[in-house]
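Close look at the chain arrangement
Here is what each chain is made of, one letter per residue.
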There are 2 protein chains.
Amino acid sequence: MDRRYGFSGGSAGPWLVSGIKPVIGASLDMVDRLEILEGEALPSDGSRWLLRSVVSNERYVTQGERRELRDVQQGLGRKDAVCAALIPIRKSEAWWALAQDERRAILEEQSQHIRVGMRYLPAVARRLHHCRDLGEPFDFLTWFEYAPGDAEGFEELVGLLRATEEWNYVEREIDIRLRRDPHP
Amino acid sequence: MDRRYGFSGGSAGPWLVSGIKPVIGASLDMVDRLEILEGEALPSDGSRWLLRSVVSNERYVTQGERRELRDVQQGLGRKDAVCAALIPIRKSEAWWALAQDERRAILEEQSQHIRVGMRYLPAVARRLHHCRDLGEPFDFLTWFEYAPGDAEGFEELVGLLRATEEWNYVEREIDIRLRRDPHP
């Protein structure tokens, strides 16, 4: 199974881009549409930027947490989940220089990243993509999908995460919002 | 800093290949020499195979273990460390499906991978390279360097690791042995 994905911003794709906001550091160019590419697929003509990534193994979630997550989460592609967000993030060298137990302690014991995300399940579905080891400008891309009625909950979730200790290690973050094209 | 490396087997490079032994699963073609490429460097003519990798952040080592490791380890490239080994490994899907705490428990609490490796420091220097997320045939490449007088210790180290619980999750392993060319 190919675990590689590309996110291409340009004039093609089923997702209409409603806004691109730089949260920390430099932004990406505004584009009309986003296309999600699988494996080695090439972007359509008119692509302005391409973020490559891979869905990898879990790095922090424990067996118990994973059981809880699986009990409550739902998949991507739900019919009513027409809102999406793509949030590319780069963390600092200081973060990557920490040992595994130090990163876990900041991420969960101090910041409750996993616990907070769980609170918004199943409404806000998400998939984490890794890109640091691919030599990309970001370390992670998180893709979120939710229904319009859950938009407020989604804003609350990103607000809570941005206020955590973990976010002190974020040195670049962009918030890209999208709507599924109703007339593709 | 570019963290990417390629290991090219062929007719070029400062390392003479003395043997390539398949430990589990299929082998790689025997070659005369090995060349270590940095970043995007291309292999010399006559390359028979190329293993791409990246040196990534630590995935299991705790803060305490890292302090112990740093106190005792020495770098690669020591003048008397003319023996080397390159050991490509692929682990099973069952391994990658485990949660972080389950993998850590097997790797260290049950198999003492970190603790055992530490016992052979500083004699056996090593660097772990990751390749699973690059879509390569192996998940890891470990590069070892040691002096001829420490060869017995090195054999003991790989023997101990191969007898661990962790190694039940190894589904492909190749053992490539090398000597630094004294007349490069």
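Heads up: the structure comes first, above all this text.
Residues numbered from 1 in each chain as written. Chains lettered and ligands numbered in written order. Predicted model: local features only at pLDDT ≥ 70, side-chain atom pairs only at ≥ 80, totals over all residues. Heavy atoms only, no water.

This brings us to the overall build of chain A. Within chain A one finds five helices and eight strands. Each helix (α) and strand (β) of chain A, taken in turn from the N terminus, gives the series β-β-β-β-α-β-α-α-α-β-β-α-β. Taken over the C-alpha trace, chain A has a radius of gyration of 16 Å; the compact-globule value for 184 residues is 16 Å, and the two agree within 12%. Referenced to the eigenvectors of the C-alpha coordinate spread, the extents of chain A come out at roughly 45 × 35 × 35 Å. (Helix = DSSP H or I, 4+ residues; strand = E, 2+ residues; numbered from the N terminus. Rg over C-alpha atoms; globule rule 2.2 N^0.38 Å.)

Turning our eyes to something else, we now look at the pattern of salt bridges. As enumerated under the stated definition, the model contains 36 salt bridges over all chains in all. Among the salt bridges present, the one from R33 of chain A reaches D181 of chain A, with a minimum N-O distance of 2.9 Å. Remark: D181 of chain A occurs in the segment after β8 (170-180) and R33 of chain A occurs in strand β3 (residues 33-38); sequence separation between them is 148 residues. A relative accessible area of 22% means that R33 of chain A is categorised as partly exposed. We note a salt bridge from R59 of chain B to D133 of chain A, for which the minimum N-O separation is 3.0 Å. Of this pair, R59 of chain B sits in the loop between β4 (49-54) and α1 (63-72) while D133 of chain A sits in the loop between β6 (125-130) and β7 (140-146), each in a different chain. What makes R59 of chain B buried here is its relative accessible area of 12%. Each of E155, R162, E173, D175 and R177 of chain A takes part in one network of salt bridges that share partners. (Salt bridge = Lys/Arg side-chain N within 4 Å of Asp/Glu carboxyl O. Buried < 20%, exposed > 50% of the residue type's maximum accessible area, 1.4 Å probe, protein only.)

So, about the interface of chain A and chain B. Between chain A and chain B, the residue contacts involve 22 residues of the former and 22 residues of the latter. The tally of links from chain A across to chain B stands at six salt bridges. For R3 of chain A, the salt bridge identified is with D133 of chain B, shortest N-O distance 3.1 Å. Where chain A touches chain B, the interface holds 18 residue pairs in polar contact (both at pLDDT 80 or more). At the level of elements, α1 (63-72) and α3 (100-110) of chain A are the ones that each hand at least two residues to the side of chain A that touches chain B. Among the elements that make up the side of chain A that touches chain B, the one with the highest residue count is α3 of chain A (four residues). Grouping the amino acids of the side of chain A that touches chain B by side-chain chemistry returns eight nonpolar, five polar and nine charged. (Contact = heavy atoms within 4.5 Å. Polar contact = N/O pair within 3.5 Å; in protein donor to acceptor, adjacent residues only side chain to side chain. Nonpolar A, V, L, I, M, F, W, Y, C, P; charged D, E, K, R; others polar.)

This brings us to the relation of the copies chain A and chain B. Mapping between the two chain copies consists of a rotation about an axis together with a translation along that axis. If you rotate chain A by 180° and push it 0.0 Å along the axis, it lands on chain B with an RMSD of 0.0 Å. Put plainly, the chains are arranged around a two-fold axis. A shared binding surface is used by both copies, with 100% of the interface residues of chain A retained as interface residues in chain B. (Least-squares fit on C-alpha atoms with pLDDT ≥ 70 in both.)

Another point: the pairing of strand β7 (residues 140-146) of chain B. Residue and element names in this part refer to chain B. Among the seven residues that make up β7, seven are buried, leaving the element largely enclosed by the rest of the structure. Side chains F140, T142, F144 and Y146 project from β7 onto one buried face, and the interleaved L141, W143 and E145 project onto a second face that is buried too. Of the strand pairs in this sheet, strand β5 (residues 83-91) and β7 are connected by seven bridges, and their pairing is antiparallel. Looking across to β7, one finds that A84 is bridged to E145. Here strand β6 (residues 125-130) pairs with β7 via six bridges, running antiparallel. Looking at β7, one finds that H129 is bridged to L141. (Pairing = 2+ DSSP bridges.)

This brings us to α3 of chain A. Listed in full, the buried residues belonging to α3 of chain A are Q100, E102, R103, R104, I106, L107 and E108 of chain A. Contacts from the buried residues of α3 of chain A go to α1, β5 (83-91), α2 (93-96) and α4 (113-119) of chain A together with α1 and α3 (100-110) of chain B.

Here the focus is the side chain of D175 of chain A. All names here are of chain A. Position of D175 relative to the elements: it lies in strand β8. Only 2.9 Å separates the side chain of D175 from the side chain of R162, close enough to count as a polar contact. The contact partners of D175, leaving out residues within four places of it in the chain, are G19, I20, K21, V23, L86, I87 and R162.

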